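Here is what each chain is made of, one letter per residue.
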Amino acid sequence: MSSQSRVKDINEDSLHVGPPETSAAGLKAVAVALERGLEQAGPVRTARSLLRINQRGGFDCPGCAWPEPDGHRKAAEFCENGAKAVAEEATTSAVTPEWWDAHPVATLLDKTDYWLSKQGRIAEPVVLRPGDDRYRRISWTDAFELVAEHLRATTPDRCVFYTSGRTANETAFMYQLFARSLGTNNLPDCSNMCHESSGSALNPTIGIGKGTVSLEDIHDAKLVFVVGQNPGTNHPRMLSALKECRDRGGKVVAVNPLPEAGLLHFKDPQTVGGYIGDGATIADEFLQIKVGGDLALFQALGHLLLEEERKVPGAVVDRAFLEAQTEGFEAYAAARASLDWEVTERATGLTRGEIEATARLLVDSKATIVCWALGLTQQPHSVDTIREIVNLLLLQGNFGKPGAGACPVRGHSNVQGDRTMGIWEKPNESLLASLDAEFGIDSPREHGFDSTQALAAFERDDVDVFVSLGGNFAQANSDTAALEAGMQRAGLTVHISTKPNRSHVVHGRTSLILPTLGRTDRDDKHPSGRQFLSVEDSMSMVHSTQGRLEPVSEHLLAEPVIVARLAAAALGDDHAVDWRAMAEDYDVIRDHISRVIPGFEDFNRRVRQRNGFQLPNPPRDTRTFATGAGRAQFTVSPLEYLEAPAGHLILQTVRSHDQYNTTFYGQDDRYRGISDGRRVILVHPEDLAGLGLEDRELVDVVSVFRGEERRANRFRLVAYPTARGCAAAYFPEANALVHRDLVARESNTPGFKALTVRFERHETGHGAGAASVEGGRHGAAEPAP
C-alpha cells in the first residue's frame, strides 16, 4: 500500500468554462469511471470491486439509494459516480500517523475537502489533545476510554450523536440504542438536511414518510414528473428506469430551474445506442421553473384538473377512491376553484400555455408518479409544496395501483434505512417502548436536536461531546462560520471516518478520529467469521451488503464494533445491553431488530433471500392510510413563492458532477461545461446584463435574511441558461451564505434553495473563503402573497 496520494489542490484561477452538454452518460462516463478506479485502486482492486457492486452477494454502492431490479441484473449494475465512490473507498493510499505528524492542523485549514480526501484512507486511530498542534497515534482501548471519560463528565443533553446516510442498518440501530441508553435523543442526521420536508409532508397526509412506488412502477407509469432533481449526476441509474418508462409508452415531465443534461437525453453505456447520436430522449416536456415556484405550479395543475372534471364529470377525479379513502376534498376543491394566472406566471416563470399543456398530460394519464428531491425540500414552503403534490396524486387515485404514487428520491445509500432503524431526534412512543422492553433500558422521551438545532447548540456552547458516525457535519450544514466556531469550542469531537475531511480540522478542544471499514472492505475479524450488513433503498427494499477487499490497514475496525466498544466503555460491563454479543455476531443485532422494528420480523432469514425483502407500505400495498383519521388527507396551503428585491437574485445550491454530498471525486462538472474550479455562480446572461455585470467577472456574494448579511468572497460569475431571476452555486462553498434560521417550516431543513443574494465586485485582498455576518441595510425577501 502506498503511503499517500499526492494531488494538487483546487486552483480557482484555472477555471475553464465551455458549453453545457445536452446528454448524460455514454462512452465518456465509462472512460472516466475506469480512469478513476485504476488511478486510485489499481486494476485488481478496481475489477474486484466493480464486478460486485450492487450485485447479489456483493456490496451496496456507497453512493445513491436507487434500487436494483428484482430480476436480471447487468454485469455493470452501477453508474459513473458509483464507480467514483468505490474508487474513493478502494484506494490503496493510506493516511498514517506519520502523515498526521507531518501535517499540523494549521496547515490543513486552508486545504479543500478535495485535497484532504485524496490523501487516502485513515489507517489508525489518532487524537489531538489540548495544546497539541497535530493529531497523534492512540490505541483503540485508550480512545474508547477517552470518550467514556468525557461522557461521564457531562450530562446526556450536552451530547450530540450525528449520523451519515451511508451507515448500515445494524450500525444505525446500535448507535441510536447507545445514545438512548445514555439518556439523549440528540440524534441529528443527514435526513434533517435533505428529505426531512418529505417526511413532514407525507406522514400526516398518507400515513408514511416514505415513497409509495417500486422500480417496476416507474417502468409502468403513464406519466412521471421529475421535479427539483438532477438524476444525470445524483442518481444516474434512474435514467435507465425513465428510458424504460418511455419505451413502454409513458411520458416524462422534467421540472427544474437548470436544463440538466440527464433530463434531456441519456446515452445508455450498456447499449449500442449509447455510443451514437444524441442518445434517448428523457423529458417529453421541460418546465424551466423559477426556484421556489413549484408550489404555485402544483396548485395551478390542481385547479386545471378540477376545471376539466367540472366540464366532464368523472373524466379526471377518482370519486370512488376519494369517497372511500380520503377526507378534506371539499375544502381543497374550494381553495383551487379560482386561480390568479398573472401571479402564477410570475411565481413560476412559466407561461399559462406551458402549464395547461402539462395539465393535459395529467388528464390523459391513468397512472402518474411524481418524483422529487432536494430542489423541493430546501425552501421555506417545502412541506406545503409536497402536500400539494399529494393533493394532485390523490385527485386521480394515484396510490395503490401499478405505475402510480409518490417517489421522494433519497440521496445517500442508506439514509432511509437509518431513519427506519430509529435515527431520529423525535422518536415515536412505540419505538421507545419496544426498545425499553427488548433491552431493559429507560429511553428518554424528550425530543433531541436535529441538525439545525445542533448548530444552534454549538453556537450557545451547549455541546460538550459530539460524535459523528461518518459524514462531514461542518461542511454539510448551513451557516458555516458559526458552526465551525462552535465545533471548535466543544470539549470533545469524535469522528468515525474512512478519510480526512474538513470536520477533522475544525475540531473540539480534544478530537478523536476513529478509522472504520468501508462498504468495499472485508469484515472477518469475528469469532463467528465473516459478517455482512444490510441497507434499505429508496423504495423500501432491504438487502445485504458485504465487501471483499483487503482493508488498507490492519488497524481498522468495523462500525458495529466501534459503536459496541464505545458503548461498553461508557456504560460499563454491567449494562443491560450485551454490546459484545452484537459486535461479535451481527445476526444478534438483526434478532434484536426483528423484535423492535415493524416490518423486520424474521430478519435474519429474509435478508438472506435472493433479493432481500420489501418493507410493508400501506398506501402502496392495500390503499390504506395510517393517519389519525385513517384516511388520506387533502390539505390547503396558501400560495407562496420566492421573489427577490431589485438588484438581487434567488440562489440555489447544487452539486457538481464530480461530487457526492461533501465528497469531491474530481474538479469537473462535465455536463454543465465547468472544470478546474468550484467557486462559480451560474446566472442567466440577461440577469447579468440587468445587474451591470459581465460573464467571468469576479464578485463577492452577499446574502440577506432578516436584516443580517452573510458574505462569501471571490466567486466567478458564469453566464448560464438558468431560469430568469435565479442563480446557482455549488454546495458546500455557498453554505456560508445560509442563515441558520432560513429553514423549511415544520421540517427545519436548511434553506439551501432559497437564498436572496446580491453581488459586489471583488476587491483585491478579500480571501477566497472569507465569510462574515454583518448588520444589513436590506431585509429578507418576503414571499409574495
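Our structure is the block above this text.
Residues numbered from 1 in each chain as written. Predicted model: local features only at pLDDT ≥ 70, side-chain atom pairs only at ≥ 80, totals over all residues. Heavy atoms only, no water.

1. Observations concerning the layout of surface pockets
- Taken as a whole, the largest pocket spans an internal volume of roughly 990 Å³.
- Contributing to the lining of the largest pocket are 32 residues, with Asn203, Lys210, Arg419, Thr420 and Asn428 lying nearest its centre.
- The residue makeup of the lining of the largest pocket, split by class, is twelve nonpolar, 14 polar and six charged. (1 Å grid on protein atoms, 1.4 Å probe; cavity = no way out; pocket = protein on both sides within 12 Å on 5 of 7 lines; lining within 4 Å. Points joined across faces, edges and corners; volume = space filled by probe spheres on them. Nonpolar A, V, L, I, M, F, W, Y, C, P; charged D, E, K, R; others polar.)

2. Some details on empty space enclosed by the protein
- By the definition in use, this model includes eight cavities of 30 Å³ or more.
- Empty space within the second largest cavity amounts to approximately 240 Å³.
- Looking at the lining of the second largest cavity residue by residue, the classes come out as six nonpolar, seven polar and five charged.

3. Re the packing of aromatic side chains
- Applying the stated criterion across every chain, the model contains 21 aromatic pairs.
- Ring centres of Phe329 and Phe634 lie 5.5 Å apart, and the angle between their planes is 65°; this geometry places the pair in the edge-to-face category. Of the two residues, Phe329 sits in helix 15 (residues 329-335) while Phe634 sits in the loop between strand 22 (632-633) and strand 23 (649-654), which places them 305 residues apart along the sequence.
- Pairwise contacts between aromatic rings join Trp99, Trp100, Trp115 and Tyr135 into one cluster.
- The residue whose ring lies beneath Arg606 is Phe613, and the NZ or CZ to ring-centre distance is 4.0 Å.
- Cation over ring: Arg655 sits above Tyr660, and NZ or CZ is 4.6 Å from the ring centre. (Phe/Tyr/Trp six-rings, centres within 6.5 Å; stacked < 30°, edge-to-face > 60°. Helix = DSSP H or I, 4+ residues; strand = E, 2+ residues; numbered from the N terminus. Lys NZ or Arg CZ within 6 Å of the ring centre and 35° of its normal.)

4. Section: helix 16 (residues 341-348)
- Three or more residues of helix 16 are buried, namely Trp341, Val343, Thr344, Ala347 and Thr348. Angular distribution of buried residues about the axis of helix 16 spans 160°; they occupy a single face of the element.
- Looking at the buried side of helix 16, the elements it contacts are helix 13 (294-311) and helix 17 (352-364).
- Its side-chain oxygen placed 3.1 Å from the backbone nitrogen of Glu342, Asp340 serves as the N-cap of helix 16. (Buried < 20%, exposed > 50% of the residue type's maximum accessible area, 1.4 Å probe, protein only. Arc of directions from axis to C-beta. Contact = heavy atoms within 4.5 Å. Polar contact = N/O pair within 3.5 Å; in protein donor to acceptor, adjacent residues only side chain to side chain.)

5. Concerning the sheet that holds strand 16 (residues 465-469)
- The strand order across the open sheet formed by six strands is 6-5-18-17-16-7, and the pairing between neighbours is mixed. The open sheet has two edge strands with one neighbour each: strand 6 (136-137) and strand 7 (159-163).
- Sheet topology note: the strand 16/strand 17 (residues 492-497) ladder contains five bridges and is parallel. Counted as the bridge partner of Phe466 is Thr493 from strand 17.
- Taken strand by strand, helix 26 (residues 559-571) contacts strand 16, strand 17 and strand 18 (510-515), and its axis lies near 155° from that of strand 17. (Pairing = 2+ DSSP bridges. Axes fitted to C-alpha atoms, helices over the stretch in contact; angles between N-to-C directions.)

6. A look at the sheet that holds strand 14 (residues 368-372)
- One open sheet holds the five strands; their spatial order is 12-9-8-14-15, and the pairing between them is parallel. Unpaired on one side and paired on the other, strand 12 (285-287) and strand 15 (405-408) mark the two borders of the sheet. Averaged over all pairs of adjacent strands, the angle between their axes in this sheet comes to 15°, without regard to strand direction.
- Set on the sheet, helix 19 (residues 382-395) makes contact with strand 14 and strand 15; between it and strand 14 the angle comes to about 170°.

7. Remarks on the environment of Gln299
- Along the chain, the position of Gln299 falls in helix 13.
- The sequence separation of Gln299 and Pro130 amounts to 169 residues, and the corresponding C-alpha distance is 56 Å.
- From its side chain, Gln299 meets the backbone oxygen of Ser637 in a polar contact 3.0 Å long.

8. Considerations on the environment of Ala168
- Checked against the element boundaries, Ala168 lands in the loop between strand 7 and helix 7 (169-182).
- Given the relative accessible area of 4%, Ala168 is considered buried.

9. Brief notes about the packing of helix 13 against helix 16
- In the contact formed by helix 13 and helix 16, the axes pass within 9 Å of each other and the chain directions differ by 140°. Taken together, the axes of helix 13 and helix 16 lie oblique to each other. Taking contact as the criterion, the partners of Ala296, Leu297, Ala300 and Leu304 in helix 13 are, on helix 16, Trp341, Thr344, Ala347 and Thr348. (Parallel < 35°, antiparallel > 145°, perpendicular 65-115°, else oblique.)

10. A few points about helix 7
- Here helix 7 contains 14 residues, and its C-alpha end-to-end distance of 20 Å stays within 8% of the 20 Å for a straight helix at 1.5 Å per residue.
- The buried fraction of helix 7 is high, at 13 of 14 residues. (Expected span 1.5 Å × (residues − 1).)

11. Structural notes on the environment of Arg745
- Within the secondary structure, Arg745 is located in the loop between strand 31 (726-730) and strand 32 (755-761).
- Each C-alpha atom, one on Arg745 and one on Ser382, is 7.5 Å from the other, the two residues being 363 residues apart in sequence.
- Beyond its immediate stretch of four places on either side in the chain, Arg745 contacts Pro380, His381, Val383, Asp384 and Glu640.
- A polar contact is formed between the side chain of Arg745 and the side chain of Glu640, at a distance of 2.8 Å.

12. Some details on the nonpolar core
- Ranked by size, the top nonpolar core spans 66 residues in total, and within it Phe161, Phe173, Phe178, Leu512, Leu514, Trp579 and Phe600 carry the most contacts.
- No other element matches helix 26, which puts eight residues into this core.
- Once you skip the residues sitting within four places of it in the chain, Phe178 turns out to touch Leu151, Phe161, Val563, Leu566, Ala567, Ala570, Leu571 and Trp579.
- Counting 47 residues, the second largest nonpolar core, distinct from the first, contains Val227, Val253, Ala300 and Leu376. (Core = buried A, V, L, I, M, F, W, Y, C linked by side-chain atoms within 4.5 Å.)

13. Topic: the pattern of salt bridges
- This model, assessed by the stated rule, comprises 68 salt bridges.
- Here Asp479 makes a salt bridge to Arg710, at a shortest N to O gap of 2.7 Å. On the criterion of sequence distance, the pair formed by Asp479 in the loop between helix 23 (473-476) and helix 24 (480-489) and Arg710 in strand 30 (residues 708-719) is long-range, its members being 231 residues apart. The residues Asp479 and Arg710 share a single accessibility class, namely buried. (Salt bridge = Lys/Arg side-chain N within 4 Å of Asp/Glu carboxyl O.)

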